[in-house]
Amino acid sequence: MENKMQIFNTLTRTVENFVPNEDGKVAMYTCGPTVYHFAHIGNLRSYIMEDVLEKSLRYVGYDVKRVMNITDVGHLSSDADTGEDKMLAGAKREKKTVMQIAQFYTDAFFADCEKLKIKRPDVVEPATNCISEFIEMIEALLEKGYAYVAGENVYFDTSKLDDYYAFSSQTEKELMIGVRDDVEEDTNKRGKSDFVLWFTKSKFDNQELKWESPWGVGYPGWHIECSCISMKHFGEYMDIHCGGVDNIFPHHTNEIAQSEAYTGHKWCNYWFHVHHLNDKSGKMSKSKGDFLTVSLLEEKGYHPLVYRMFCLQSHYRKPLEFSYDVMDNMENTYAKLRKSIAGLNEDTAFEPDQFAIYKEKFENAVSNDLNTSMALTVVYEVLKAEISDNTKLALMRSFDEVLSLDLTAGALETEDAGIDAELEAYVLAKIEERKAAKKEKNFARADEIRGELLDKGIVLEDTREGVKWKKA
RNA sequence: GGCGACAUAGCCAAGUGGUAAGGCACGGGUCUGCAACACCCUUAUCACCAGUUCAAAUCUGGUUGUCGCCUCCA
């Protein structure tokens, strides 16, 4: 098929025509969450945009197979052996076993994804499912001379590669490593950029998850899992690898090092990186302790899809600053949009030519390096266009295959589920009373009733569809 | 210290050489007993300086500011 998708490739730092290895098919890999805690909405920004990428590829006609790993072992808070395993730290914090933690937060992650309409990848693979594959690959790397054993751990020898820093320019290379002074060094390493493939020795010996290996009882390093899991499901080639920008170095750099050393050839052609969600003080991060989750947004009264729309109106390669002001803005935008679409009359003629015109506009926006902001503009363009409501509805349904904003699900419910039956009965009675007063043109009484309800925290609105009420 | 990204109206944001999309908010108006809803109208010369060009938000150089990466991070 013809090249329909243009996408920024971190490897070349340019927007390229996307050409998959196999015509019409896309092998797409996503670095999944480390399931030691809830995902914060910054994490979820990446998954939302990757979801849009997957759906856009499908929209323009590709057959996409998507794989995601779940990091449930091996992700240290530092690569030096002084670090603490994230999973173990989570388990300690909550007095549960590591596997209980992993299961709990994996479920929580997918629950959040569901709320945000993020499609579950075709394959979801926990790292702990693939220990034998990790061991096989590490053995092969040792055999080929790309790895060495030191201090009872296995390390990858980055000096064996001509081009370890796949994502960096030549001038950066000499300066990258070990500049940060808060980094503690692992003295077993031959080179500063070497990294661990398999641990048997570390300072946290109470590690719960350990496996037999040719190098002793231990557990895998973080980077090896993505290389192995992708090859388990895609073989030695894949098309797009996704993740947040913070994964570029070292995680993705190390993945490329291992994978290409192992296969002896180019591994993945396109690297898709989503930029960070920041707040006023900078990057949102779990290690700062305080972070925002989807549940928290819901508690504050925001529909999860308001956050999705917040992400879509920005570009994935721009840092995005989160604020409640913008969320409030977006909340209005989203409610108005849903309401406007809900008012369309399906019982009108369908105009295939018009449908095709706007569908192409939308496709162009989305295939231009995921210009989601422009895609949303096309939504508004359609709603304002001189075409039949039924055509508009068909277009909304079509666009929603990518946007996943529940565009045609009707107006947003304003009734608050938290209101108890007694209050509801009272409110409904008052509404009837007010209706009667209005009928008798007793507007003073009608306004009085509205005031009474307001005192109880209930706001009345006379809309075209009848009286609506909600919590203030 | 090195590397990189970004800087467009009150806010979010598109636009990569031809005279500034869209959304929200504000203001004005129509409608309705009022309010709200809905609908209509209105709002910028693109951080700063210099240069290239017939023409620059868009290219080049510099300045300032914000942010990110340099083995915890999506």
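Structure: above.
The structure presented is a predicted model; accordingly, all values stated were derived computationally and were not measured.

Chemist: I'd like to hear about the nonpolar core, residue by residue, with values.
Modeler: In this structure, L57, I240, Y307, F322, F399 and L403 are the most contacted members of the largest nonpolar core, which totals 133 residues. Broken down by element, the residue count for this core peaks at nine residues, all from helix α1 (residues 41-59). Setting aside its immediate chain neighbours within four residues, L57 contacts M5, F18, V26, M28, Y62, V64 and I240. If you look at the next biggest cluster of nonpolar residues, it comprises seven residues, including I431, I449, I458 and W469.

Chemist: Describe the sheet that holds strand β10 (residues 238-244), with residues and values.
Modeler: As summarised here, the arrangement of the five strands in space is β5-β4-β3-β10-β11, forming an open sheet in which the pairing is parallel. If you trace the sheet from one side to the other, it starts and ends with β5 (123-126) and β11 (268-274), each paired once. Within this sheet the neighbouring strands show an average axis-to-axis angle of 20 degrees, counted without direction. Sheet topology places β10 next to β11; six bridges connect them, and they run parallel. Its bridge partner lying in β11, H241 is registered against W271. With respect to the sheet, helix α7 (residues 248-263) is in contact with β10 and β11, its orientation differing from that of β11 by roughly 165 degrees.

Chemist: For the packing of aromatic side chains, give the residues involved together with the corresponding values.
Modeler: A complete count under the given rule lists 25 aromatic pairs for this structure. Aromatic side chains F272 and Y316 sit 4.4 Å apart centroid to centroid with 25 degrees between the ring planes, which places their arrangement in the stacked category. Within this pair, whereas F272 is found in strand β11, its partner Y316 is found in the loop between α9 (304-312) and β14 (320-321), the two being separated by 44 residues in sequence. Overall, F272 belongs to the buried group, its relative accessible area being 1%.

Conventions we followed
Residues numbered from 1 in each chain as written. Chains lettered and ligands numbered in written order. Predicted model: local features only at pLDDT ≥ 70, side-chain atom pairs only at ≥ 80, totals over all residues. Heavy atoms only, no water. Core = buried A, V, L, I, M, F, W, Y, C linked by side-chain atoms within 4.5 Å. Buried < 20%, exposed > 50% of the residue type's maximum accessible area, 1.4 Å probe, protein only. Helix = DSSP H or I, 4+ residues; strand = E, 2+ residues; numbered from the N terminus. Contact = heavy atoms within 4.5 Å. Pairing = 2+ DSSP bridges. Axes fitted to C-alpha atoms, helices over the stretch in contact; angles between N-to-C directions. Phe/Tyr/Trp six-rings, centres within 6.5 Å; stacked < 30°, edge-to-face > 60°.

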